[in-house]
Amino acid sequence: MTPGRPLHLAAEIGGPPRYDPDHYLGLARLAERGALDYVTLGDSFARPGPDALSVLARIAPATDRIGLVPTVDTTHTEPFHVSSAVATLDWVSRGRAGWRADVSTTEAVAGLFGRRTARPAEELWHEAGEVADAGARLWDSWEDDAEIRDTATGRFIDRDKVHHIDFEGDSFSVRGPAIVPRPPQGRPVTVIDGTTAPARAAAARHADVVHIRATSPEQAAAARADVHRLAATHGRAAHEVRVLVALAVDLGDAETAPEPGLASGPPLAGHGTYFRGGPVDLAELVSEWYRAGAADGFHLTPITPARDLERIVNGTVALLQHRSLFRTFHPGGTLREHLGLARPASRYALARTAGERR
Amino acid sequence: MHLAAHFPGVNSTTVWSDPRSGSQIDFASFEYLARTAERGTFDFFFLAEGLRLREYDGRVHDLDVVGRPESLTVLNALAAVTDRLGLAATVNTTFNEPYELARRLATLDHLSGGRAAWNVVTSSDAFTGENFRRGGYLDRADRYTRAAEFVAAARELWDSWTPDGRPRPFEHRGRHFDVSGEFTVPRSPQGHPVVIQAGDSDEGREFAASSADVIFTRHGTLEAGRAFYADVKGRLAAYGRRPEDLKIMPGVTVVVGDTDAEAQERAAAIRRLQVSPQNAILALEQVWGTDLSAYDPDGPFPTSDPVPDSEFVQGRVRVADPLAVASRWRALSREKGLSIRETVIESTTRQSFVGAPETVAAELTAFVDGRAADGFILVPHLTPGGLDDFVDRVVPLLRERGAFRSEYTGSTLRSHLGLAEPVGKG
Ligand SMILES: Cc1cc2nc3c(=O)[nH]c(=O)nc-3n(C[C@H](O)[C@H](O)[C@H](O)COP(=O)(O)O)c2cc1C
């Protein structure tokens, strides 16, 4: 039946700008009811819309299981602040946070900040990788049991378990440690769209989940193999990385679609290959690609969120569940658990205990 | 009277050794204290900020409550579990950029239905700067010029949408910022989030008089409060503002007991827990700027003098004149025969309101009636249950006296504070 590993599904809940939290909450709850792994909320400094991480923090207490993955710009932000905000999203959602790292290459965005001019994507993705690296070190900088509250000695923390990170990147440095103690997942989940070569290089090194584009199962399988090959060069095993195919889906006129399938509509920048058809057609595609071992799952961007997400959950997902291809509930509580990713140990804890054993 | 609740994060006043002391990190703690404040119809909930952990002699300081989540993210989550309570975040202007912060604050204002506030702080030591791209290069004077220009730029962004809901290009070219483009968030429910200022220097007071809606002070005694109140309110006219346009709210602590005597006893016990033997030595090190761990907290003061420009203590402002403080402490200790620890307790005890509920309610009201404050930011010594007594026992008395609201009459923080909504540029 299945290739022996669970199918992962995620959905984007952005769309035309909205500023009322209930709109986003409704979509996230719908995705949660469909037992999806996570919802994403796209963002950019130059596009109308609220700050995505804030929106997902706003809906976190009103949801229970769904993973929450905002897009975060690494080009014009402070790595230290980014790391704190993502860690805090993990705290307020009790272990359901991720972040999708992205870069800003345009003069329009650079002008909003006035600190640096636009630079090539390659350079910015190198920097984004460094932001992810520094962020992960900050998340590790407090060992899990750093807070001791030892009344006998009057010590609140064991300072041997809170570490400077002394990160030196090419365009920034961070001394550390974090202000925010280690978040519930150890490290929130890092997602990167690995479509372009520089982004894929950063993703293979730093991302837990990589979104890719493909128009056939063969192409998807090749992209996935490429991600695994690149990850291996950084000492990362294939099982540490999930690869999801990004599809922009239009389930609007199922009855009239002459031929359901890929790329039969306008290409949507940034949201993956365009799919048009009915919810059943989408379930067919997912089943077929998944059985062919082309990907670990799919990141779906509904063209019209309110309409298409409802069809995805009540149509496509219900059918996949009926076929026992997709879970009917979240067996765990954290996003890492949904994705089958281990909770990493703090690198500083490992180094310290290794040192103690020597 | 206006009231706000401070959630004690990183500090030396939370009594973490008390069995009732809960987590300072888990969202459940924030939710509990915020709901308590909202039950008490408080104006707002306040979060402080520190961007580098304190250190002594190059090592992370380990005696106080330490570690806290990032404020704006916590406040957005709190917006989901509260309805009326204002949500105030302390955010530094030195290590942020106007476009990003204006956007995050406008987002909070939208997502909370008009309850956002920003406490503008300026700290910029090189020590904190080591966590940031820009580093810590601003000198003291520049901190406030950057802060003022930062707030002005943020206001230009908040004002940049047309009344019929379209973004209008903005352009701000100044000494510290050179930004232009379109702001991506429409005018928020309050027009501008409420602006709070915390800082006591002349520059700080001037900045507050020109730009802030609320000023958070440390002046706790009636006399000091009255002087500060008169001084700050007197500065407003120069900016075309009325005295009621800026609310003065000192940070205070409250200890309630069944009787005044019982409350005094409790307060003394709390002080002893706050100034543990280890913390007493540390307070001394903060003045002396050197390692004094060999000293007995129950014994006499060191005979050596403080090291003037020591970097032994980092991440917290060292006392302005260590030699003067040292001689004051020595004198106090000699005069009253106090040990190191007793001296530290006696000389660092802040004004707080201690007594039976009736006493506390009467004193708070006297401060407001006596023009020493427009309200208070309450700093509990326990997280998250530290305001239970106040809300259950003092707030009803304040309401009976007609000194404090019995229910919210508006839904935005500006309406709680009685502040006008800023006029848009139209
Ligand atoms: C009551 C009060 C609370 C403050 N809270 C913070 C804070 O949470 N974070 C911070 O970085 N600075 C805080 N500050 C520091 C001030 O913003 C300011 O940097 C400092 O007081 C020095 O400025 P001044 O010379 O104007 O007093 C606080 C100051 C006061 C008086």
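Going by the structure above, here's the rest.
Heads up: these notes are all about the structure in this document. (Residues numbered from 1 in each chain as written. Chains lettered and ligands numbered in written order. Predicted model: local features only at pLDDT ≥ 70, side-chain atom pairs only at ≥ 80, totals over all residues. Heavy atoms only, no water.)

This paragraph deals with the site of the ligand. Residues and elements named next belong to chain B. Of all residues adjacent to the ligand, which total 17 residues, the nearest are Glu49, Arg140, Tyr144, Asp200 and Ser201. Note that an oxygen atom of the ligand is positioned 2.7 Å from one of the side-chain N or O atoms of Tyr144. Residue Ser201 places a side-chain N or O atom 2.5 Å away from an oxygen atom belonging to the ligand. Contact with the protein chains removes 82% of the 610 Å² of surface that the ligand exposes when unbound. When contributions to the shell around the ligand are tallied by element, the ones reaching two or more residues are helix H5 (140-158) and strand S10 (214-217). With three residues, the top contributor of residues to the shell around the ligand is H5. (Near = heavy atom within 4 Å. Polar contact = N/O pair within 3.5 Å; in protein donor to acceptor, adjacent residues only side chain to side chain. Areas by Shrake-Rupley, 256 points an atom, 1.4 Å probe, with all protein chains shown as cover. Helix = DSSP H or I, 4+ residues; strand = E, 2+ residues; numbered from the N terminus.)

What follows is about the packing of aromatic side chains. For the coordinates displayed, the defined rule picks out 22 aromatic pairs over all chains. With a centroid separation of 5.6 Å and an interplanar angle of 65°, the aromatic rings of Phe156 of chain A and Trp16 of chain B are classed as edge-to-face. Here Trp16 of chain B lies in the loop between strand S1 (2-6) and helix H1 (27-39) and Phe156 of chain A lies in strand S6 (residues 155-157), a pairing that spans two chains. Per residue, the accessibility class of Phe156 of chain A equals that of Trp16 of chain B, and both read buried. A connected cluster of aromatic rings, assembled from ring pairs, spans Phe45 and Phe113 of chain A together with Tyr99, Phe170 and Phe183 of chain B. The cationic tip of Arg52 of chain B hangs over the ring face of Phe127 of chain B; the distance from NZ or CZ to the ring centre is 3.8 Å. (Phe/Tyr/Trp six-rings, centres within 6.5 Å; stacked < 30°, edge-to-face > 60°. Buried < 20%, exposed > 50% of the residue type's maximum accessible area, 1.4 Å probe, protein only. Lys NZ or Arg CZ within 6 Å of the ring centre and 35° of its normal.)

What follows deals with the interface of chain A and chain B. In this assembly, 65 residues from chain A lie in contact with 60 residues from chain B. Taken together, both faces of the contact between chain A and chain B bury some 5300 Å²; the carbon and sulfur share is 58%. The interface formed by chain A and chain B includes eight salt bridges. In this structure, Glu130 of chain B engages Arg175 of chain A in a salt bridge whose closest nitrogen and oxygen atoms are separated by 3.7 Å. At the surface where chain A touches chain B, the tally comes to 33 residue pairs in polar contact (both at pLDDT 80 or more). Looking at the side of chain A that touches chain B, the elements that each hand over two or more residues are helix H2 (52-59), helix H3 (79-92), helix H4 (107-113), strand S5 (147-150), S6 and strand S8 (173-174) of chain A. (Contact = heavy atoms within 4.5 Å. Buried area = accessible area lost by both parts, 1.4 Å probe. Salt bridge = Lys/Arg side-chain N within 4 Å of Asp/Glu carboxyl O.)

Another point: the nonpolar core. The biggest cluster of nonpolar side chains holds 189 residues, and the ones touching the most others in it are Phe42 and Phe390 of chain B. Looking at this core element by element, the count peaks at nine residues for helix H5 (residues 121-140) of chain A. Among all residues touching Phe390 of chain B, those that are not within four sequence positions of it are Leu3, Phe42, Val254, Val360, Leu364, Leu378, Val395 and Leu398 of chain B. Counting residues in hydrophobic clusters, the runner-up holds 15 residues, among them Ala283, Leu284, Trp329 and Val344 of chain B. (Core = buried A, V, L, I, M, F, W, Y, C linked by side-chain atoms within 4.5 Å.)

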